[in-house]
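# Summary of the model geometry
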Amino acid sequence: MIYFDNSATTKVLPEAAEAARRYMVEAYYNPAAAYSAAVQVERDVAQARANIAAKMNAEPAELTFTSCGTESNNTALYGSLRAMRGQGRVIVSAVEHPSVYEAALDLKERGYDVVFAGVDGTGAVRLDELEGLLTQETRLVSIMHVNNESGAVNDIDAVYALVKKRAPEALLHVDGVQAFMKEAPVRCDMYSVSGHKLHAPKGVGALYIRKGVRVKPYLIGGGQESGMRSGTTNAAGIMAFNAAVTDYALHGREYRENMLLVKKRLYSNLSRIRDVRLNGPAVDAGAAHILNMSFMGVRGEVLLNALSERGLCVSTGSACAAHKRGKNRILNAMGITGDRQDGAIRFSFSRFNTTAEADAAAQLIEEQVGYLRRFRRR
Ligand code: PLP
């Protein structure tokens, strides 16, 4: 089996699994309890918070643990707006993950003036267009750091400067789910991350909320996470997340180099097939772990199934998006339509992938694309 769908989720690192096991089976105490074994778990969680926050150039108090990237994104959007008086403009990019995009559509129904910032052909937000949308009434801007389908990396520091210049009252939220530990930290007011994209288990995420930014909690109850997110602390998930982040901090450069090597190898192998197109930034310019290519004359879903039967896992886009013909919202926004959209496949890599896998995968794809194209002509 060759797994090239690491933007959907990643294999859990053994050290992260071991940390989770330890806090489930041995140190399973509720960190809010008063006896010393529980207080120790509370201290461990505090240390994990400080460690993970530091990787975002943040203070521990600025980090709230959540259950996933979706919860972080929802909390950032709804929670910050609910803490403001009145309504106003909300700007999100046209290529946001559904946990931002669908939330924005919901906010529109609730009466907010929601507008969508367009992207260029690579999937990066057009700063000139964003500038034109920013008004004094803008309350919130949400722009993702790395696009999960094209691998485009937005210049968030430039976005931040623009937002603060044109709409000083507005907050900037950044969905960093595909970027955390893979790209350098950025300036923003809120930043969402998710553990399972970097070898921690599913079920743990975090939201950075800059000191002084007001966000109303989404979950109300026992007041955990300093009142920002009630619910018994997921110590096992948090400690596993911490182990994965610690590992990435130690070896991240090596992991990124490896992912880029695999990506470039797969790209150059696949470029030998006739009628293929790169969707997204130049191979060197985008995120090291995402490659999106179209195989003209082949339906992406058909190719995906053929590859899946032969042990290669890829994707035709975000696992959460609806993929009816011509309905890939992200590729549409990038101006990629028709045959090119239908034939698009996303490959996404992790530290565990190898160039030998890139060679084997390319050979399999070449065979299957050749076969499917012949079949189509008959
Ligand atoms: N944002 C982006 C860019 C993503 O790629 C994903 C997951 O695919 C999410 C948010 C949602 O994260 P989670 O699966 O942790 O809810």
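Before any of the text, the structure's been laid out above.
Calculation criteria
Counting restarts for each chain: residues are numbered from 1 in the order of the written sequence. In keeping with the predicted nature of the model, local features appear solely for residues at pLDDT of at least 70, side-chain atom pairs appear and are counted solely at 80 or more, and the whole-chain, interface and lining totals rest on all residues. Water and hydrogen atoms were dropped before computing side-chain values, which therefore reflect all heavy atoms in the structure. Secondary structure counts use DSSP, requiring at least four H or I residues in a row for a helix and at least two E residues in a row for a strand, with both numbered from the N terminus. Only protein chains enter the calculation, and the probe is 1.4 Å; a residue is then buried if its accessible area is under 20% of its type maximum, exposed if over 50%, and partly exposed in between. Contact definition: two residues touch when any of their heavy atoms are within 4.5 Å. We define a salt bridge as a side-chain nitrogen of Lys or Arg found within 4 Å of a carboxyl oxygen belonging to Asp or Glu. Here the rule is simple: two strands pair whenever DSSP picks up at least two bridges between them. Angles shown run from 0 to 180 degrees and are taken between the N-to-C directions of axes, each axis being a line fitted to C-alpha atoms and, for helices, limited to the stretch in contact. The pairing test for Phe, Tyr and Trp rings, Trp by its six-membered ring, is centres within 6.5 Å, and the orientation test on the planes gives stacked under 30 degrees, edge-to-face over 60, and tilted for anything in between. N or O atoms closer than or at 3.5 Å make up a polar contact, with two conditions inside protein: a donor-capable atom paired with an acceptor-capable one, and, for residues adjacent in sequence, both atoms drawn from side chains. If even one non-hydrogen atom of a residue comes within 4 Å of a molecule or strand, that residue is called near it. Per-residue and other accessible areas follow the Shrake-Rupley method at a 1.4 Å probe size, with only the shown protein chains counted as cover for residues.

What follows is about the environment of A361. With respect to the helices and strands, the residue A361 is situated in helix α11 (residues 355-377). Residue A361 is classed as buried on the basis of its relative accessible area of 0%. A C-alpha to C-alpha distance of 49 Å links A361 and V39, two positions 322 residues apart in sequence. Once residues within four sequence positions are removed from consideration, A361 is found in contact with I2, F4, L266 and L312.

Once that is clear, we can look at the pattern of salt bridges. Across all of its chains, the model carries 17 salt bridges by this definition. For D247, the salt bridge is made with R351, and the minimal N-O distance between the two is 3.6 Å. Within this pair, whereas D247 is found in helix α7 (residues 235-270), its partner R351 is found in the loop between β12 (344-348) and α11, the two being separated by 104 residues in sequence. Residue classification places D247 among the buried residues on the basis of a relative accessible area of 12%. In this structure R351 comes out as partly exposed when scored by relative accessible area, which is 22%. In this structure, E309 engages R310 in a salt bridge whose closest nitrogen and oxygen atoms are separated by 3.8 Å.

When a strand is regular, its side chains alternate between the sheet's two faces. Burial analysis of strand β3 (residues 89-93) places five of its five residues in the buried class, the great majority of the element. Across the two faces of β3 the burial is the same, with R89, I91 and S93 and V90 and V92 all buried. Both β3 and strand β4 (residues 113-117) contribute to a ladder of five bridges, which runs parallel. Paired with V92 across the bridge in β4 is F116. Relative to strand β5 (residues 138-142), β3 runs parallel, the two being bridged by four bridges. Opposite V90, over in β5, you have L140 as the bridge partner.

Right, let's talk about unusual backbone geometry for a bit. Phi is positive for M181, close to 75 degrees, though the residue is something other than glycine. Tracing the sequence through the fold places M181 in the loop between β6 (171-175) and β7 (190-194). For E225, which is not glycine, the phi torsion reads 55 degrees and is therefore positive. Considering the arrangement of structural elements, one finds E225 in the loop between β8 (205-209) and α7.

Here we take up the sheet that holds β12. Where strands meet in a sheet, backbone hydrogen bonds hold them as pairs that are either parallel or antiparallel. Sheet architecture is open: three strands sit in the order β9-β10-β12, paired in antiparallel fashion. Strands with a single pairing partner mark the edges of an open sheet, and in this sheet they are β9 (276-279) and β12. Strand-to-strand twist of the sheet, defined as the mean angle between neighbouring strand axes without regard to direction, takes the value 30 degrees. Across four bridges, the pairing between β9 and strand β10 (residues 290-295) is antiparallel. Among the inter-strand pairings, L278 is bridged to a residue of β10, identified as M293. On the sheet, α7 packs against β9, β10 and β12 and is oriented at approximately 10 degrees with respect to β10.

Going through the model one piece at a time under the given rule, you end up with seven aromatic pairs. An angle of 80 degrees between the planes, with centres 5.0 Å apart, marks the rings of F4 and F349 as edge-to-face. Linking F4 in the loop between β1 (2-3) and α1 (14-26) with F349 in the loop between β12 and α11, this pair joins segments that are 345 residues apart in sequence. Each of the two residues, F4 as well as F349, counts as buried. Geometrically, the ring pair formed by Y78 and Y218 is stacked, given 6.3 Å between the ring centres and 25 degrees between the ring planes. Placement of the pair is Y78 in helix α3 (residues 69-82) and Y218 in the loop between β8 and α7, with a sequence separation of 140 residues.

For the rest of this paragraph, the subject is the sheet that holds β3. If you trace the seven strands from one edge of the open sheet to the other, you get β2-β8-β7-β6-β5-β3-β4, paired in mixed fashion. Looking at which strands have only one partner, the edges of the open sheet turn out to be β2 (63-66) and β4. Between one strand and the next, the sheet's axes are offset by a mean angle of 20 degrees, whatever the strand orientation. Across three bridges, the pairing between β5 and β6 is parallel. Pairing of S142 across the sheet is with H173, part of β6. Taken strand by strand, helix α4 (residues 98-109) contacts β3, β4, β5 and β6, and its axis lies near 145 degrees from that of β4.

What follows concerns the side chain of R229. Its place among the elements puts R229 in the loop between β8 and α7. You can call R229 buried: its relative accessible area is 17%. Side chain to side chain, R229 and E71 meet in a polar contact 2.7 Å long. Contact partners of R229, with chain neighbours within four places excluded, come to T64, F65, T66, S67, E71, L219 and Q224.

As a matter of local geometry, the ligand sits amid 14 residues, with G69, T70, D175, S194 and K197 nearest to it. Residue T70 places a side-chain N or O atom 2.6 Å away from an oxygen atom belonging to the ligand. Between an oxygen atom of the ligand and a side-chain N or O atom of H196, the distance comes to 2.9 Å. In isolation the ligand exposes 390 Å². Once the protein is present, 90% of that is buried. Here the shell around the ligand gets three residues from one element, more than from any other, and that element is α3.

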